[in-house]
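# Structural overview
What follows is the residue order along each chain.
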Amino acid sequence: FTTSNGPRVNLAGQLILVFFLGKERYALDARQVLRVIPAVPCRPLPQAPAYVVGLLNFEGRQVAVLDLCQLCLGRPCEPIMSTRILLVPYQETMLGVMVESLIETARYSMEAFAPTGIAGPPFLGGVQSVPEGTVQLLKVTDLFSDEVKALLSP
């Protein structure tokens, strides 16, 4: 439908969060995210791997925050205005995932994400062509390697 101030609003499809990893556009199903917060300072953890940003005090709970750029690209998220921490459920707790350039929410048909045909990390889902380019779905539940899971074990 069309809003009173003009642009067409697509209400079909699943709500997703769109962000960048490097120069590539990725999407995350909003149902996998509990909360989106600004990239606030975290308490560093001595001798933690580079992808561990530190601990965040969120509403009285200590939440470990991991840097998605560091995990996937080998470099930390840039401290820019659009860098955010996504709070996601993990086991019986919550985990923070820092992403760079969280640019929008959008509604995409989940069925339109097509397999890439190339074996890759288990967290990479299908791809979809959108007017802005290609977007690839990430699966939070499969985001962490065995090494990361071992680090996060209670």
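As a reminder, the structure under discussion sits directly above these lines.
The present account deals with the structure reproduced in this document. (Residues numbered from 1 in each chain as written. Predicted model: local features only at pLDDT ≥ 70, side-chain atom pairs only at ≥ 80, totals over all residues. Heavy atoms only, no water.)

## Thoughts on the nonpolar core
Test applied: To qualify as a nonpolar core, a set must consist of buried Ala, Val, Leu, Ile, Met, Phe, Trp, Tyr and Cys residues joined through side-chain atoms within 4.5 Å. When a residue's accessible area, from a 1.4 Å probe over protein chains only, is under 20% of the maximum for its type it is buried; when over 50% it is exposed; and in between it is partly exposed. For the purposes of this entry, the term helix denotes a DSSP run of H or I that reaches at least four residues, the term strand denotes a run of E that reaches at least two, and both are numbered from the N terminus. Contacts: residue pairs with any heavy atoms within 4.5 Å of one another.
Of all hydrophobic cores here, the largest spans 36 residues; its most connected members are Phe19, Leu66, Leu68, Leu86, Leu87, Leu138 and Phe144. When residues of this core are traced back to their parent elements, those giving at least two are strand E1 (14-21), strand E2 (24-29), strand E4 (52-58), strand E5 (61-67), helix H1 (68-73), strand E6 (84-90), strand E7 (93-108) and helix H2 (146-152). Per element, the largest residue contribution to this core is six residues, and it comes from E7. Setting aside chain neighbours within four positions, we find leucine 86 in contact with Leu17, Leu28, Val33, Arg35, Val36, Leu95, Gly96, Val97, Val99 and Leu102.

## Points about the environment of proline 44
Examined against the element boundaries, proline 44 turns out to sit in the loop between strand E3 (35-38) and E4. Under the relative-accessibility criterion, proline 44 is labelled exposed at 57%. Taking the C-alpha atoms as reference, proline 44 lies 35 Å from threonine 134; in sequence the two are 90 residues apart. Apart from the residues lying within four places of it in its own chain, the contact partners of proline 44 are Val53 and Gly54.

## Examining the pattern of salt bridges
Any two side chains of opposite charge can pair, so long as their charged atoms come close to each other. Rule in force here: The salt bridge definition used is simple: a Lys or Arg side-chain nitrogen within 4 Å of an Asp or Glu carboxyl oxygen.
The tally for this structure, following the rule as stated, stands at four salt bridges. A salt bridge links arginine 75 to glutamate 100; the nearest nitrogen and oxygen atoms lie 2.9 Å apart. Placement of arginine 75 in the loop between H1 and E6 and of glutamate 100 in strand E7 is noted, with a sequence separation of 25 residues between them.

## Some words on the side chain of glutamate 100
What counts here: For this analysis, a polar contact is any N or O atom pair within 3.5 Å, provided that within protein one partner can donate a hydrogen and the other can accept it, and provided that sequence-adjacent residues contribute only side-chain to side-chain pairs.
In this structure glutamate 100 comes out as buried when scored by relative accessible area, which is 5%. Reaching out from glutamate 100, the side chain makes a polar contact with the side chain of arginine 75 at a distance of 2.9 Å. When near neighbours in sequence (up to four residues on either side) are disregarded, glutamate 100 contacts Phe19, Phe20, Gly22, Cys69, Arg75, Pro76, Cys77, Glu78, Ile80, Ser82 and Thr83.

## Some words on the pairing of E6
Applied cut-off: Two strands make a pair as long as DSSP finds a minimum of two bridges between them.
In terms of burial, E6 is a largely internal element, five of the seven residues being buried. Summarising the sheet, E3 and E6 pair through four bridges and their orientation is antiparallel. By the bridge assignment, isoleucine 37 is partnered in E6 with isoleucine 85. As judged from the seven bridges shared by E6 and E7, these two strands associate in the antiparallel manner. Looking at E7, one finds that tyrosine 90 is bridged to threonine 93.

## Observations concerning the side chain of aspartate 29
Within the secondary structure, aspartate 29 sits in strand E2. A distance of 2.6 Å separates polar atoms of two side chains, one belonging to aspartate 29 and the other to arginine 31.

## Observations concerning unusual backbone geometry
Notably, glutamate 59 is not glycine yet its phi reads approximately 50 degrees, a positive angle. Look at glutamate 59 and you get exposed, because its relative accessible area is 59%. Positioned with a positive phi, glutamine 91 is a non-glycine residue whose angle comes to about 50 degrees. In this structure, glutamine 91 sits in the loop between E6 and E7. Given the relative accessible area of 48%, glutamine 91 is considered partly exposed.

## Concerning the pairing of E5
Examined bridge by bridge, E4 and E5 share six bridges and lie antiparallel to one another. In the sheet register, asparagine 57 faces E5, and the bridge partner there is glutamine 62. Hairpin remark: E4 followed by E5, antiparallel, with two residues in the connecting loop; positive phi at glutamate 59, about 50 degrees. The pairing of E5 with E7 spans three bridges and is parallel. Considered in E7, the bridge of leucine 66 is made with valine 97.

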